[in-house]
Amino acid sequence: MAAHAVLLAAVFAILLHASADPVAALGRWDGIAYRQISRYGYETHLLYSPNGVPQEMRIAFFPLFPYLVKLVAFPLGGSTLASGILVSTVAALVASVGIYRVLRGYISDRAALLVVALWAAAPTAYLESMVYTESLFTALSVFALIALIRHRWLTASALTILAGLTRSTVVLVIAVVVAAALIAIIRRRDGWRPYAAIVLSPLGIVGYWAFLGLRLHHLNAWFISQEAPGWRSSFDFGRQTVKVVVQQLTFSQIGSAYRTVLLISIAILAPLLVSTILLVRDRTIAWQLSAWSAATVVFTLLSSGAFTSKPRFLLPCFPLLIPAAKLLAKTRLYAAIPIIAVLAVLGGWVGAYFVHWANAAP
């Protein structure tokens, strides 16, 4: 995680130069909602504007992360900002260990370490120490996939349940678990455990949706929360993605302050698309890793919502960094280290820009 330390140092240096509080910046945007949940819990009724439009509500955010923040805050004097940063950073360290463990069976140890370094220095890696769920979700997902690859069905199910209490994108992890279980059932392997995995793995996300349904007396309460003007998250078959890319390539929003943020997001997404193609074609990588990453990329690009959030939705997909890591592994150590350092500084600049100057949440 030395690369991540360099990235954070760059974020802090840039924000301090701008007379901003770098620690407070790590708790911005969604971090505010998570800290509010840890203090006050969830709403007891749906919130609408006078014209009947759903408002932004805390129920849109899943419970595991904020309640971990609440638990850790006790020995830290009740500071949800400090505990949120600590939970995310520790989860990132755990995720790094998992990333290395799962990849060393398919690529060289050096390449696996480089994947960890690239993940820690990625343009969106500043989120790994923010009061966000990216680190926790990555840690739970990677160890769920490790268990799944090793046919430890109950462990994979338990970790997927926890991931389902962290983020809605767990549906793609669940899909991979179910697909692997069906293959095992068809091949008559592992007895009753694959059947159990199919039943158990969705319980986290389904349980949270059911909890909200009972609490707010609307079975689709969480889906209503996604209709808030600030999010408007839905599956639109890529219409928003195409619209934004075309707008930027044709300079139709050249006067917009939002344009820089969109261009940065596009610049991050473009190489990840190429990496997805290379990863899917690489038959040496476990299909569970490739399928999960590719499905996440497709799902992200074909969904609407805050376009600038799309790059962070792909941060957990560490397998997308394998092609770059394999290429970097062919270089000398004295060449690889400066490249990672430069990427970390660049990631720090992106992080500082998004948390301080950008007009949209990361």
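Use the structure listed above.
About the criteria used
- Residue positions within a chain follow its written sequence, with the count starting from 1.
- Note on the predicted model: pLDDT of at least 70 is required for a residue's local features to be given, and 80 or more for side-chain atom pairs to be given and counted; whole-chain, interface and lining totals, by contrast, use all residues.
- Hydrogens and waters are ignored; side-chain quantities use all the structure's heavy atoms.
- Secondary structure elements follow DSSP: runs of H or I no shorter than four residues count as helices, runs of E no shorter than two count as strands, and numbering proceeds from the N terminus.
- Buried means the residue's accessible area, taken with a 1.4 Å probe over protein chains only, is under 20% of the maximum for its type, while exposed means over 50%, and partly exposed covers the values in between.
- Contacts: residue pairs with any heavy atoms within 4.5 Å of one another.
- All accessible-area figures derive from a Shrake-Rupley calculation using a 1.4 Å probe, and residue coverage is judged against the displayed protein chains alone.
- One speaks of a salt bridge when a side-chain nitrogen belonging to Lys or Arg is within 4 Å of a carboxyl oxygen belonging to Asp or Glu.

### Side note on the overall build of the protein
Item 1. Within the protein one finds 18 helices and two strands.
Item 2. Burial status across the protein gives 53% buried among its 362 residues.
Item 3. If you take every contact in the protein between residues at least 6 apart in sequence, the share linking residues at least 24 apart comes to 76%.
Item 4. Approximately 16,200 Å² of the protein is accessible, and the part contributed by carbon and sulfur atoms is 68%.

### Re the pattern of salt bridges
Oppositely charged side chains can form a pair if their charged atoms are brought close together.
Item 1. Tallied over the full model, the rule gives five salt bridges.
Item 2. In this structure, Arg312 engages Asp30 in a salt bridge whose closest nitrogen and oxygen atoms are separated by 3.2 Å. Separated by 282 residues along the polypeptide, Arg312 in helix H16 (residues 310-313) and Asp30 in helix H3 (residues 30-40) bring together distant segments of the chain. Neither Arg312 nor Asp30 differs from the other in exposure class; each is buried.
Item 3. As a salt-bridge pair, Glu134 and Arg312 come within 2.9 Å of each other at their nearest N and O atoms. With Glu134 in helix H7 (residues 134-149) and Arg312 in helix H16, this residue pair connects regions lying 178 residues apart in the sequence. With respect to class, Glu134 is no different from Arg312; both count as buried.

### Thoughts on the environment of Phe299
Item 1. Looking at where Phe299 falls in the secondary structure, it is placed in helix H15 (residues 287-301).
Item 2. Phe299 sits 14 residues away from Phe313 along the chain, and the two C-alpha atoms are 9.9 Å apart.

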